[in-house]
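Coordinates in review
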Amino acid sequence: MADKLQMQCVELNPGWAKGYSRLGAALYGLESWGDAIKAYEAGLAKDPTNEQLKSGLAEAKAAQARPPAHKSPFARPDFLAKLAMDPRTRGFLSQPDFMAMISDVQNNTANMSKYLQDPRFQVALELAFGFKFSEGPQPEAAKPAADEHSGSGCCAPGQSCVPKAEPAPVPTPEPKPKAPEAAPTKPEPMQVDGNRAAALKEKEAGNAAYKKRDFDTAIGHYNKAIELDDTDISFLTNRSAVYFELGEHDKCIEDCDKAIERGHEVRADYKLIAKALTRKGSALVKQGLLEQAIDIFNKSLTEHRNADTLKKLNDAEKSLKEKREAEYVDADKCAAEREKGNQMFKDMKYPEAVAAYSEALRRGPPSVNPDAYKIYSNLAACYTKLGAYPEGVKAADKCIELEPTFVRGYSRKGALQFFMKEFDK
């Protein structure tokens, strides 16, 4: 198709050298070396300095000079069609082992020697190379049915049909004897050694004492459990819970660290490790170390995500934000930023005024600044000048929320809604 299109291109404009270049490339792709050479030469007659035509001509001549590549007869496009049309081999196409054999020799003709003893392959060889491979018996798929001649009238009167000799059965290799399967072994019943059983009893006793808030007794039982079996980190986490209730947060954190380290060593349940991390985070919160607590809560969630730890994380983040806001409060700086905003507004530097008023609110939020509503009113005025009407409405709403009797807050909001064409509001 491509060569026909390029031929039409050359016919329509014989003087266009690029048309000959593309025609030559199309013929080259079809391995029609002689025609490609003629196309390139015709193009060079039109444009002798065309480098693309020169390069294409050199490649076509080199390809013509190369000896033809040897192709496996099994890889010819018509080979499978021959197998399908020949009644002797038609049935082989549905046999997976036969198709695997053909695929193997298509990839590497040298592998033919592996299959020469297979009668099916011998017939395939005849079709591939066009000669009789042997006079031996035909494979089973090629044998005509016995009743095809019986009473069919295919033979002349007085002559008898001579049936072809039945093929010798293809010897099938005897299956290799399977190695005797080992009799399944019954799992041995789990045995809890004496120390383990005693440790669990101590844990139960410690839990009972903990519920009664008898913390000293609970610690004693957990200590004995740890001495009896140091592979169960739940003994450590339970003791850390007692220290947490007693307010001994350093000891609580120490037990949690031991539980985490030991848990990784013995590959303990990830839920237990997560529990130790969460308790450590809670102890850090009690100590006011919120940033460290947040980090530990996040580590716990990577071990096991659960709602309790997630809530503790959110609470810690909220507390940290409030703490930072409280530390940032400064009444003097709040007043200074407010005055700065007023000056910027007078100078018609409205973005700078917005920044100053916003900083004033951070330095003096409504929780500590009774005049914060006035700053929100000023913000609404700035947003009106900037055309940021939705932001202005939010500032006006906050102003009204903080001081419902402040008339200017309503006038600010009304002006903004007018500009937004919300006349019904």
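Fair warning: this is a prediction, and the values are worked out from it, not measured in the lab.

1. Here we look at the overall build of the protein
The secondary structure content of the protein amounts to 19 helices and zero strands. Residues classed as buried in the protein amount to 33% of the 425 residues present. Across the protein, the fraction of contacts at a sequence separation of at least 24, relative to all contacts at a separation of at least 6, is 47%. Approximately 27400 Å² of the protein is accessible, and the part contributed by carbon and sulfur atoms is 54%.

2. Some details on helix α13 (residues 290-303)
An ideal rise of 1.5 Å per residue puts 20 Å on 14 residues; α13 measures up with 20 Å between its terminal C-alpha atoms. Considering only its buried residues, α13 is in contact with α12 (270-286) and α14 (307-328).

3. Side note on the pattern of salt bridges
Within the structure shown, the criterion is met by 21 salt bridges. Residues D118 and R120 are paired through a salt bridge, measuring 3.0 Å at the closest nitrogen-oxygen approach. Pair check on accessibility: D118 and R120 agree, each one buried. When the shortest N-O distance is used, the salt bridge between R196 and D229 registers 2.9 Å. In this pair, R196 is assigned in helix α8 (residues 194-211) and D229 in the loop between α9 (215-228) and α10 (234-246), connecting sequence segments 33 residues apart.

4. Details of α10
The first and last C-alpha atoms of α10 sit 19 Å apart over 13 residues, in line with the 18 Å expected at 1.5 Å per residue. Within α10, ten of the 13 residues are buried, leaving the element largely enclosed by the surrounding structure. Those residues of α10 that fall on the buried side of the exposure criterion are S234, F235, L236, T237, N238, R239, S240, A241, V242 and Y243. Tucked into the core, α10 has its buried residues touching α8, α9, α11 (249-266) and α12. Taken from the residues just after α10, G247 is the one with a positive phi, measuring 80 degrees.

5. Observations regarding the packing of aromatic side chains
Applying the stated criterion across every chain yields a total of seven aromatic pairs. Judged by centre distance (5.8 Å) and plane angle (55 degrees), the ring pair of Y210 and F215 falls under tilted. Assessed through its relative accessible area of 27%, Y210 is described here as partly exposed. Judged by centre distance (5.6 Å) and plane angle (20 degrees), the rings of Y389 and F419 are stacked.

6. Let's talk about the confidence of the model for the protein
Across the protein, pLDDT averages 81, with 79% of residues at or above 70. The low-confidence segment residues 134-168 (pLDDT under 50) makes 25 contacts with residues lying over four places distant or belonging to another chain. Predicted confidence is poor over residues 177-192, with pLDDT under 50, and the contacts of this stretch with residues over four places away or in other chains come to one contact.

7. Description of the packing of helix α15 (residues 331-346) against helix α16 (residues 350-363)
Where α15 meets α16, the closest approach of the two axes is 8 Å, and the angle between their N-to-C directions is 165 degrees. Considering their axes alone, α15 and α16 lie roughly antiparallel with respect to each other. The chirality of how α15 crosses α16 is left-handed. For the pair formed by α15 and α16, the contact residues are A331, K333, C334, E337, R338, K340, G341, N342, M344 and F345 on the first element and Y350, E352, A353, A356, Y357, E359, A360 and R363 on the second. Across the contact of α15 with α16, the residue classes tally to nine nonpolar, two polar and seven charged.

8. Considerations on the side chain of S377
Mapped onto the fold, S377 is located in helix α17 (residues 372-386). Its relative accessible area of 2% is what places S377 among the buried residues. A polar contact of 3.2 Å, which involves the side chain of S377, links it to the side chain of R412. With residues up to four places along the chain from it excluded, the contact list for S377 reads C399, F406, R408 and R412.

9. Thoughts on the environment of M101
One can find M101 in helix α6 (residues 96-107). The spatial distance from the C-alpha of M101 to the C-alpha of K114 is 9.2 Å, given a sequence separation of 13 residues. Setting aside chain neighbours within four positions, we find M101 in contact with Y115, D118, R120 and F121.

10. Things to note about unusual backbone geometry
Phi angles above zero are rare outside glycine, and R213 is one such case at about 60 degrees. One can find R213 in the loop between α8 and α9. Even without a glycine there, the phi angle at K421 is positive, about 60 degrees. Counting through the fold element by element, K421 comes out in the segment after α19 (407-419).

11. Thoughts on the packing of α11 against α12
Between α11 and α12, the shortest axis-to-axis distance is 9 Å and the interhelical angle comes to 155 degrees. It follows from the interaxial angle that α11 and α12 lie roughly antiparallel. Of the two possible hands of crossing, α11 and α12 adopt the one that is left-handed. Here H249, C252, I253, C256, D257, A259, I260, G263 and H264 of α11 come into contact with α12, specifically with I273, A276, L277, R279, K280, A283, L284 and K286. Counted by class, the contact of α11 with α12 contains ten nonpolar, three polar and four charged residues.

Procedures and definitions
- Residues numbered from 1 in each chain as written.
- Predicted model: local features only at pLDDT ≥ 70, side-chain atom pairs only at ≥ 80, totals over all residues.
- Heavy atoms only, no water.
- Helix = DSSP H or I, 4+ residues; strand = E, 2+ residues; numbered from the N terminus.
- Buried < 20%, exposed > 50% of the residue type's maximum accessible area, 1.4 Å probe, protein only.
- Contact = heavy atoms within 4.5 Å.
- Areas by Shrake-Rupley, 256 points an atom, 1.4 Å probe, with all protein chains shown as cover.
- Expected span 1.5 Å × (residues − 1).
- Salt bridge = Lys/Arg side-chain N within 4 Å of Asp/Glu carboxyl O.
- Phe/Tyr/Trp six-rings, centres within 6.5 Å; stacked < 30°, edge-to-face > 60°.
- pLDDT = per-residue confidence, 0-100.
- Axes fitted to C-alpha atoms, helices over the stretch in contact; angles between N-to-C directions.
- Parallel < 35°, antiparallel > 145°, perpendicular 65-115°, else oblique.
- Left-handed = near helix turned anticlockwise from the far one by under 90°.
- Nonpolar A, V, L, I, M, F, W, Y, C, P; charged D, E, K, R; others polar.
- Polar contact = N/O pair within 3.5 Å; in protein donor to acceptor, adjacent residues only side chain to side chain.

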